[in-house]
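As a plain string of letters, each chain reads:
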Amino acid sequence: MLSMASIIRRKLHRYPYSLQTRLFSSTAPVNKQSNPRIEKILVANRGEIACRIMRTAKRLGIRTVAVYSEADKHSLHVKSADEAIQIGPPPARSSYLNASSIIEAAIRTGAQAIHPGYGFLSESADFAQLCEDKGFIFIGPPVSAIRDMGDKSASKRIMGAAGVPLVPGYHGDEQDIDLMRSEADKIGYPILIKPTHGGGGKGMRIVQSPNEFVDSFFGAQREAAASFGIDTILLEKYITRPRHIEVQVFGDKHGNVVHLYERDCSLQRRHQKIIEEAPAPNVSDDFRSHIGQSAVSAAKAVGYYSAGTVEFIVDTSSGQFYFMEMNTRLQVEHPVTEMIIGQDLVEWQIRVANGECLPMNQMQIPLSGHAFEARVYAENVPKGFLPATGVLHHYRSVPVSPTVRVETGVEQGDTVSMHYDPMIAKLVVWGENRAAALVKLRDCLSRFQVAGLPTNISFLSSLANHQAFENGEVETHFIEHFQNDLFVDPSNLLSSQEVQNAAKLGASLVAACICEKALGALKERPPGGLSLWYAHPPFRVNHPARRTMELEWVNEYGSGSSKLLRLFITYQPDGSYLVEIEGSSPGLEVKAEYLGNHDFRVQADGVSMDVSLAVYSKDQNEHIHIWHGPHHHYCNQKLGVEVSDDDEIQHKPTSETATHPAGTVVAPMAGLVVKVLVENGSKVEGGQPVLVLEAMKMEHVVKAPTTGCIQGLQVSVGQQVSDSSVIFRVKDE
């Protein structure tokens with residue numbers, strides 16, 4: 001006979017997420033504690049993870065303290081906390097990585113415990129030890145486990161001794177460049193270089209041949225030092241067709257350890273995950289059981305408690321999995337696990353920190369449905385996913401529900417700065433099976449609206465709609481293998497024409513919606529009381545009212561180029577608009593109804609649809625974003641010349657975009673100059689590295705576009721440069 005607990009678990013997803021956690025929490029064993037329970041937590045982090053921790057703490061009746069840098073003083077995590085303390089200037093080294101300032105803030109506010117979140121100091125054994133030395137509860141694993149697993153070389157030695165399969169590589173302490181080069185030769189190329197500490201793909205390099213090794217090694221060291229404060233490196237044989245599968249483990253202080261099933265995190269760009277899912281698709285029950293028990297064994301080998309993740313690399317050709325590393329913290333992607341087991345892992349962390357036993361044993365942990373997480377980043381996809389900065393002039397996520405979560409640390413009007421990770425939000429969806437969850441993911445991505453800076457939302461939609469992804473055929477080179485499907489090739493006339501046609505439709509809808517909204521505003525408040533001129537349709541003697549609009553369409557999907565569109569809008573007797581684009585035929589008849597709050601109901605070409613518009617001013621331009629169906633388009637126009645009557649004098653903006661002399665190189669992103677490799681006046685070859693920029697802890701090498709002589713190179717190490725600013729020019733000789 002089924003137990004009452006198992007019946008409840010089967011019905012979990014009928015209830016909101018918060019109710020699920022309460023149902024399960026009520027089944028936890030009652031522990032008699034001699035120590036007082038946690039009543040106030042300082043969250044030593046920022047952004048979405050800080051907000052997420054605070055949400056659970058408040059549900060449990062626990063007060064929260066935020067810490068923040070000068071750049072974050074108006075941020076959402078500061079507003080979400082009961083108290084907040086400023087701990088330093090914007091650079092992370094001086095604020096969120098400043099352990100002494102964080103401890104001082106905890107002392108000042110009377111916090112009993114410190115939750116490190118992920119990133120920053122979350123995997124610092126020294127910080128965890130400092131917390132304990134100062135009398136604070138560190139909501140995380142034991143210091144010894146952080147130290148053992150935080151050093152990837154040491155962790156591989158421990159796992160090797162425990163019989164866990166390892167990828168061939170070098171995990172020693174000696175870092176001499178000649179020795180490292182020799183070890184790379186022994187392992188055989190291609191080689192994966194990565195830091196022994198930290199994560200998130202920072203400092204990782206794939207080296208295809210010996211002549212690339214030295215530069216890649218030193219670059220990885222610099223990036224590791226900037227991100228984690230430690231520059232030691234390990235080498236591994238690079239598996240060419242791998243999957244990234246990780247297992248969520250959880251332990252308590254009484255020796256109990258369980259796994260909460262696996263996640264597939266294979267969809268990555270720049271070695272960083274962008275779509276994760278749980279459970280992993282296309283794996284057998286035997287594989288799931290084997291990899292789960294291996295993860296539990298790994299955790300037990302280091303006396304682990306609290307939340308942790310054991311990461312494995314899976315060779316798709318053989319099906320063999322290899323231990324990669326253990327992350328001794330809560331992962332970015334933990335919500336997909338929460339969705340399939342109906343549990344709040346932050347609550348589990350707090351209860352374990354209080355000394356309680358795990359609320360379930362391995363047999364009691366359910367596996368229900370399927371979940372996806374898509375990470376929405378501020379980044380320039382056509383420029384190789386370079387991080388972007390700017391103001392969120394428009395931010396509208398999707399409605400949350402028991403099966404849809406949006407984890408974010410930003411609001412409309414916030415600035416995404418160069419100092420921190422550019423993630424805007426995490427979109428998490430659940431379905432009864434993978435197919436149902438994927439339908440929900442696609443729909444939510446099409447409705448997720450961000451304007452003011454470039455994002456990866458359209459690219460995420462392309463991934464989610466790809467047939468291979470639908471089939472669960474995922475591996476870490478997915479984006480590279482299917483790049484012809486995922487990116488618009490400007491040289492492909494057919495695909496480029498499809499993009500242009502969609503953009504022209506979007507521009508026509510923009511024109512009609514703007515005119516309709518403007519006409520509605522004038523009808524309510526006609527200038528000088530001339531309401532006759534602002535009737536619907538507008539009255540003109542002997543001819544229909546006609547207007548002209550010039551929009552510069554920005555192609556965000558391909559090369560990032562722009563195209564000027566000249567539109568003629570004629571008001572029809574039935575209240576619709578005939579929109580014609582110069583050089584195109586025929587015109588499109590559009591009927592638009594303004595619903596308020598950026599939203600319209602539009603009829604065009606026999607189709608009725610919802611349309612959203614976001615309009616904001618910046619740099620002497622009015623920027624316009626439109627969302628209709630699965631499409632998002634972006635255009636701009638000069639301020640003051642948005643709409644003109646044909647019978648009035650018009651000031652026409654130029655169709656030419658800003659250009660620079662041949663050989664000019666502009667900064668591909670806002671960032672910090674960390675290395676200048678040549679001097680002004682030097683002769684360079686095409687493709688030769690000139691300088692290195694760092695933004696959001698990622699390095700980008702700026703190279704000479706052609707062979708010639710460097711001119712105008714005035715930047716120096718430590719200097720900040722803005723996006724698209726001129727940094728040097730190469731003059732032909």
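Residues numbered from 1 in each chain as written. Predicted model: local features only at pLDDT ≥ 70, side-chain atom pairs only at ≥ 80, totals over all residues. Heavy atoms only, no water.

### With respect to the overall build of the protein chain
Just so we agree on the cut-off: Segments assigned H or I by DSSP are reported as helices when at least four residues long, segments assigned E as strands when at least two residues long, and all are numbered from the N terminus. Burial classes: relative accessible area under 20% of the type maximum marks a residue as buried, over 50% as exposed, and values in between as partly exposed (1.4 Å probe, protein chains only). Working rule for contacts: check all heavy atoms of both residues, and any pair within 4.5 Å makes them a contact.
A count of helical and extended segments in the protein chain gives 19 helices and 40 strands. The proportion of buried residues among the 733 residues of the protein chain is 56%. Contacts in the protein chain between residues far apart in sequence, at least 24 positions, make up 63% of those at least 6 positions apart.

### So, the confidence of the model for the protein chain
Our working definition: Values of pLDDT, which run from 0 to 100, indicate the predictor's confidence residue by residue.
Put simply, the protein chain has an average pLDDT of 87, and 87% of its residues get 70 or more. For residues 641-658, every residue scores under 50 in pLDDT, and the model assigns this stretch 31 contacts once sequence neighbours within four places are set aside.

### Some points on the environment of V78
Summarising the element assignment, V78 is placed in helix 4 (residues 76-80). In this structure V78 comes out as buried when scored by relative accessible area, which is 14%. Separated by 28 residues in sequence, V78 and A50 place their C-alpha atoms 8.9 Å apart. Not counting residues up to four positions away in its chain, the partners in contact with V78 are A66, Y68, D72, K73 and A84.

### Focus on the pattern of salt bridges
Definition in use: A side-chain nitrogen of Lys or Arg and a carboxyl oxygen of Asp or Glu constitute a salt bridge if their distance falls within 4 Å.
Summed over the entire model, instances satisfying the criterion amount to 44 salt bridges. Ionic pairing is found between E183 and K186, a salt bridge with its closest N-O pair at 3.5 Å. Taken together, the residues E183 and K186, both in helix 9 (residues 177-187) and three residues apart, mark about one turn of the helix. For R566, the salt bridge identified is with E582, shortest N-O distance 3.8 Å. With a gap of 16 residues between them, R566 in strand 25 (residues 562-571) and E582 in the loop between strand 26 (577-581) and strand 27 (588-596) connect regions that are remote in the sequence. Residue class for R566 comes out buried when judged on its relative accessible area of 16%. Through salt bridges with shared partners, a single network forms among R37, R52, R55, R59, E338, D344, E347, R351, E356, R405 and E407.

### Brief notes about the side chain of N327
For N327, the position within the fold is in strand 14 (residues 321-327). By relative accessible area, N327 is classed as buried at 2%. Setting aside chain neighbours within four positions, we find N327 in contact with E123, Y304, G308, T309 and E311.

### A closer look at the packing of helix 7 (residues 143-150) against helix 8 (residues 152-161)
Which entries qualify depends on this criterion: To define axes, lines are fitted to C-alpha atoms, for helices over the stretch in contact only, and angles between the resulting N-to-C directions are given on a 0 to 180 degree scale. When an angle is under 35 degrees it counts as roughly parallel; over 145 it counts as roughly antiparallel; between 65 and 115 it counts as roughly perpendicular; any other value is oblique. Nonpolar residues are Ala, Val, Leu, Ile, Met, Phe, Trp, Tyr, Cys and Pro. Charged residues are Asp, Glu, Lys and Arg, and all others, Gly as well, are polar.
The contact between helix 7 and helix 8 brings their axes to 5 Å, and the two run at 95 degrees. Classified by the angle their axes make, helix 7 and helix 8 are roughly perpendicular. The segment helix 7 lies against helix 8, with D148, M149 and G150 engaging K152, A154, S155, I158 and M159. Class assignment for the residues of the contact of helix 7 with helix 8 results in four nonpolar, two polar and two charged.

### Comments concerning the sheet that holds strand 35 (residues 683-684)
We count it as follows: Whether two strands pair comes down to DSSP finding at least two bridges between them.
Spatial ordering of the open sheet is given by 33-40-38-35, a layout of four strands whose pairing is antiparallel. Each edge of the sheet is formed by a strand with only one pairing partner; in this case those strands are strand 33 (664-666) and strand 35. One ladder, built from two bridges, connects strand 35 with strand 38 (residues 708-711); its direction is antiparallel. Within strand 38, the position partnered with K683 by the bridge is C709.

### Structural notes on the nonpolar core
Taken as a class, soluble globular proteins show a tendency for nonpolar side chains to be buried jointly. Using the following cut-off: Put simply, buried Ala, Val, Leu, Ile, Met, Phe, Trp, Tyr and Cys residues joined by side-chain atoms within 4.5 Å make one nonpolar core.
By size, the foremost hydrophobic cluster in this structure holds 81 residues, and its most contacted members are F250, I424, L427, L441 and L463. Excluding residues that lie within four positions of it along the chain, F250 makes contacts with N256, V257, V258, L260, S306, A307, L345, W348, Q349, V352 and L358. Listed in part, the 34 residues of the second largest apolar core include A545, Y571, A604 and I624.

### Considerations on the pairing of strand 20 (residues 404-408)
Along strand 20, five of the five residues are buried, which leaves the element largely enclosed by surrounding structure. Because side chains alternate across strand 20, one face comprises the buried residues V404, V406 and T408, and the other comprises R405 and E407, equally buried. Here strand 20 runs beside strand 22 (residues 423-431); their pairing, made up of five bridges, is antiparallel. The partner of T408 across the bridge, within strand 22, is A425.

### A look at the environment of D148
Residue position: D148 is located in helix 7. Judged by relative accessible area, which is 29%, D148 ranks as partly exposed. Along the primary structure D148 and A125 are separated by 23 residues, whereas in three dimensions their C-alpha atoms are 9.1 Å apart. Leave out the neighbours within four places in its chain, and D148 touches A154, S155, I158 and V302.

### Describing helix 9
Selection rule: To obtain the arc, one takes the directions from the helix axis to the C-beta atoms. Two N or O atoms form a polar contact when they lie within 3.5 Å of each other; inside protein one atom must be a possible hydrogen donor and the other a possible acceptor, and for residues adjacent in sequence the pair counts only when both atoms belong to side chains.
Among the residues of helix 9, I177, M180, E183, A184 and I187 are the ones counted as buried. An end-on view of helix 9 places all buried positions within 120 degrees of arc, on one side of the element. Against strand 6 (169-170), strand 7 (191-195), helix 10 (213-228) and strand 9 (233-237) lie the buried residues of helix 9. You can read the cap of helix 9 off the contacts: a side-chain oxygen lies 3.1 Å from the backbone nitrogen of D178, and it is on D176. Backbone geometry just after helix 9 places G188 at a positive phi near 95 degrees.

### Regarding the sheet that holds strand 1 (residues 40-43)
What the five strands build is an open sheet, ordered 3-2-1-4-5; its pairing is parallel. Edge positions in the open sheet fall to strand 3 (83-88) and strand 5 (137-138), since each of these has one partner strand only. Here strand 4 (residues 113-115) pairs with strand 5 via two bridges, running parallel. Bridge pairing in strand 5 places I114 opposite F138.

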